[in-house]
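Descriptive analysis of the structure
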Amino acid sequence: MSNASSITEFLLLAFADTRELQLLHFWLFLGIYLAALLGNGFIITTIACDHHLHTPMYFFLLNLSLLDLGSISTSLPKAMHNSLWDKRDISYYGCATQVFFFLFLMVGECFLLTVMSYDRYIAICKPLHYGTFLGSRACVHMAATAWGSGFLYAVLHTANTFSLPLCHGNILHHFFCEIPQILKLSCLQSYLREVGLIVVSACLLFGCFVFIVVSYVQIFRAVLRFPSEEGRHKAFSTCLPHLAVVSLFISTGVFAYLKPPSVSSPYLDLVVAVLYSVVTPTLNPLIYSMRNQELKDSLRRLSDPSRPRSKAVCKDQHGTRMGVGRGRMLGEGPKQHGHGEKGQ
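Note that this is a predicted model, so its numbers are computed, not measured.

Reading guide: rules and limits
- Position numbers for residues count from 1 along each chain, tracking the sequence in the order it is written.
- The model is predicted, so local features are restricted to residues of pLDDT at least 70 and side-chain atom pairs to those at 80 or more, both for listing and for counting; the totals for chains, interfaces and linings are taken over all residues.
- Hydrogens are left out, water is left out, and the side-chain values use all remaining heavy atoms of the structure.
- What counts as a salt bridge is simple: a side-chain nitrogen of Lys or Arg found within 4 Å of a carboxyl oxygen of Asp or Glu.
- Note on classification: 1.4 Å probe, protein chains only; a residue is buried when its accessible area is under 20% of the maximum for its type, exposed when over 50%, partly exposed between these limits.
- In this text, buried Ala, Val, Leu, Ile, Met, Phe, Trp, Tyr and Cys residues form a nonpolar core when linked through side-chain atoms within 4.5 Å.
- Where helices and strands are cited, they refer to DSSP runs of H or I of at least four residues and of E of at least two residues respectively, numbered from the N terminus.
- Contact criterion: two residues are considered in contact whenever any of their non-hydrogen atoms come within 4.5 Å of each other.
- Two cysteine sulfurs form what is called a disulfide whenever their separation falls within 2.5 Å.
- In this scheme, a helix's expected span is set at 1.5 Å multiplied by one less than its residue total.
- Two rings belonging to Phe, Tyr or Trp (six-membered ring only in the last case) form a pair when the distance between their centres is within 6.5 Å. Interplanar angles under 30 degrees mark stacking, angles over 60 mark edge-to-face geometry, and anything in between is tilted.
- In this analysis, a patch consists of residues with relative accessible area above 30% that form no salt bridge, clustered at 9 Å for like charges and at 5 Å for the nonpolar side chains Val, Leu, Ile, Met, Phe, Trp and Tyr.
- Each accessible area is a Shrake-Rupley estimate made with a 1.4 Å probe; only the visible protein chains count as cover when residues are assessed.
- Axes, fitted as lines to C-alpha atoms, cover a helix only where it is in contact. Angles between the N-to-C directions of the axes lie from 0 to 180 degrees.
- Here is the rule for angles: anything less than 35 degrees is roughly parallel, anything more than 145 is roughly antiparallel, 65 through 115 is roughly perpendicular, and the remaining ranges are oblique.
- Crossing handedness is read from the near helix: turned anticlockwise from the far helix by less than a right angle, it gives a left-handed crossing, and turned clockwise, a right-handed one.
- When residue character is reported, Ala, Val, Leu, Ile, Met, Phe, Trp, Tyr, Cys and Pro are called nonpolar, Asp, Glu, Lys and Arg charged, and the others, Gly included, polar.

Time to look at the pattern of salt bridges. Tallied over the entire structure, the rule returns one salt bridge. A salt bridge links arginine 120 to aspartate 119; its shortest N-O distance comes to 3.0 Å. Both residues of the pair, arginine 120 and aspartate 119, belong to the buried class.

This is the structure in structure tokens:
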């Protein structure tokens, strides 16, 4: 039996056997990484610099972009380094650090997506109470809870995983360190201990998923009762991007961690891991900006300060910077608020 103390490094999965393909993978991932940095960086800069976007929805979107930047920066640079220099190794403590930060950021993102669905539910189903439920302090507390939950989850699982004795060498069939791959190297008795924690965690994450689904069922029921087609269109334009991000994130993550061993293979694991650790953080800025006119207008104003604001963007002089009603979030007037509420 080889204990964790006797292992000083792990060997990661190489993307290709030939030098030419390794360099091709390096340039491909470099392009993806730069796209993720630029996309999320633009969203962070735009929201931070434009005071018109200092609302709960964009505050949570800024936090989501920060989490996406962190998660892709945890896994991809090391893979790029190994492809460029024809290496496979990662130190034991480097692997533990990668596991910790990846769990921290990914679980934080899961909880934040749940908070964002709650924000959309209140904005559309209870617009007159939006400022009460989602004031500045409440938004900060919810975002801090998402980050804190991810941190505690990562501490618990990283400490437990790397305290397990390893009986099956040090070769990970993955391009970065991840708990399921490390568990495959552990002894059976210890493996069952971590599996118990994973089951508990899966129940908590399933609870987040159920909350999101229930929230969107209520949202779609409310939107379909809107009297104006423009109101329905603007409501869907703020909800569909979030729903697309949630679907991609949860479906790939659940498949990676909960798929049965009979359908597991190194190639399939690699494809799924690339989807939720690389593709999702890169696509999120594109998904959120495609249907969001207010965000696109702000991006244009940053490049051209003389450009006026879009007429579709409602100026609510009585709303707070972090607590406003549906008129600010969906561009509807105060009269529509009342009709929307009565229609409930």
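Time to look at the nonpolar core. One finds Phe10, Phe60 and Phe175 to be the most contacted residues of the largest nonpolar core, which totals 86 residues. Where this core is concerned, the elements lending two or more residues are helix H1 (19-49), helix H2 (56-85), helix H3 (92-125), helix H5 (136-161), helix H6 (179-183), helix H7 (188-223), helix H8 (229-258) and helix H9 (266-290). In terms of residues, this core owes the most to one element, H3, which gives 20 residues. Ignoring any residue separated from it by four or fewer positions in sequence, one finds phenylalanine 10 in contact with Arg88, Asp89, Ile90, Tyr92, Cys95, Phe162, Leu166, Asn170, Leu172 and Leu185.

This part takes up the state of the cysteines. One way to say it: the disulfide is the covalent bond shared by the sulfur atoms of two cysteines. Scanning the entire structure with this criterion turns up one disulfide. This cysteine, cysteine 110, is not joined by any disulfide, and cysteine 208 carries the nearest cysteine sulfur, 4.6 Å off.

Turning our eyes to something else, we now look at the environment of cysteine 125. As for its position among the elements, cysteine 125 is in helix H3. In sequence terms cysteine 125 and serine 215 are 90 residues apart; their C-alpha atoms lie 9.5 Å from each other.

With 34 residues, H3 ought to run about 50 Å at 1.5 Å a step, and its terminal C-alpha atoms sit 49 Å apart, in line with that. Here H3 lies mainly inside the structure; 27 of its 34 residues are buried.

With that settled, the discussion passes to the packing of aromatic side chains. Taken as a whole and judged by the stated rule, the model has 16 aromatic pairs. Here the aromatic rings of phenylalanine 100 and phenylalanine 151 are separated by 5.7 Å at their centres, their planes lie at 90°, and the arrangement is edge-to-face. Of this pair, phenylalanine 100 sits in helix H3 while phenylalanine 151 sits in helix H5, and the two are 51 residues apart along the sequence. Under the relative-accessibility criterion, phenylalanine 100 is labelled buried at 15%. Every member of this aromatic cluster is reached through a ring pair, and the members are Phe100, Phe101, Phe104, Trp147 and Phe151.

Turning our attention to a nonpolar patch on the surface. A grouping of Phe206, Phe209, Val210, Val213, Val214 and Val217 is seen on the molecular surface, where their side chains present a nonpolar patch of about 490 Å² in accessible area. Mapped onto the elements, valine 214 comes out in helix H7. Taking the relative accessible area as the measure of exposure, valine 214 reaches 46% and is therefore partly exposed.

This part is about the packing of H1 against H2. Close contact between H1 and H2 brings their axes to 9 Å; oriented N to C, the two are set at 160°. Looking at the two axes, H1 sits roughly antiparallel to H2. H1 and H2 meet at a crossing whose hand is left-handed. When its residues are assigned to classes, the contact of H1 with H2 shows 22 nonpolar, six polar and two charged.

Although it is not a glycine, aspartate 86 sits at a positive phi angle of roughly 55°. The residue aspartate 86 is located in the loop between H2 and strand S2 (89-91) in this model.

A separate point is the packing of H2 against H5. At a minimum axis separation of 10 Å, H2 and H5 run at an interaxial angle of 20°. Between H2 and H5, the crossing angle belongs to the class labelled roughly parallel. At the point where H2 passes H5, the crossing takes the right-handed sense. Counting all contacts with H2, which are made through Pro56, Phe59, Phe60, Asn63, Leu66 and Leu67, the residues of H5 involved are Cys139, Val140, Met142, Ala143 and Trp147. Split into classes, the residues belonging to the contact of H2 with H5 amount to ten nonpolar, one polar and no charged.

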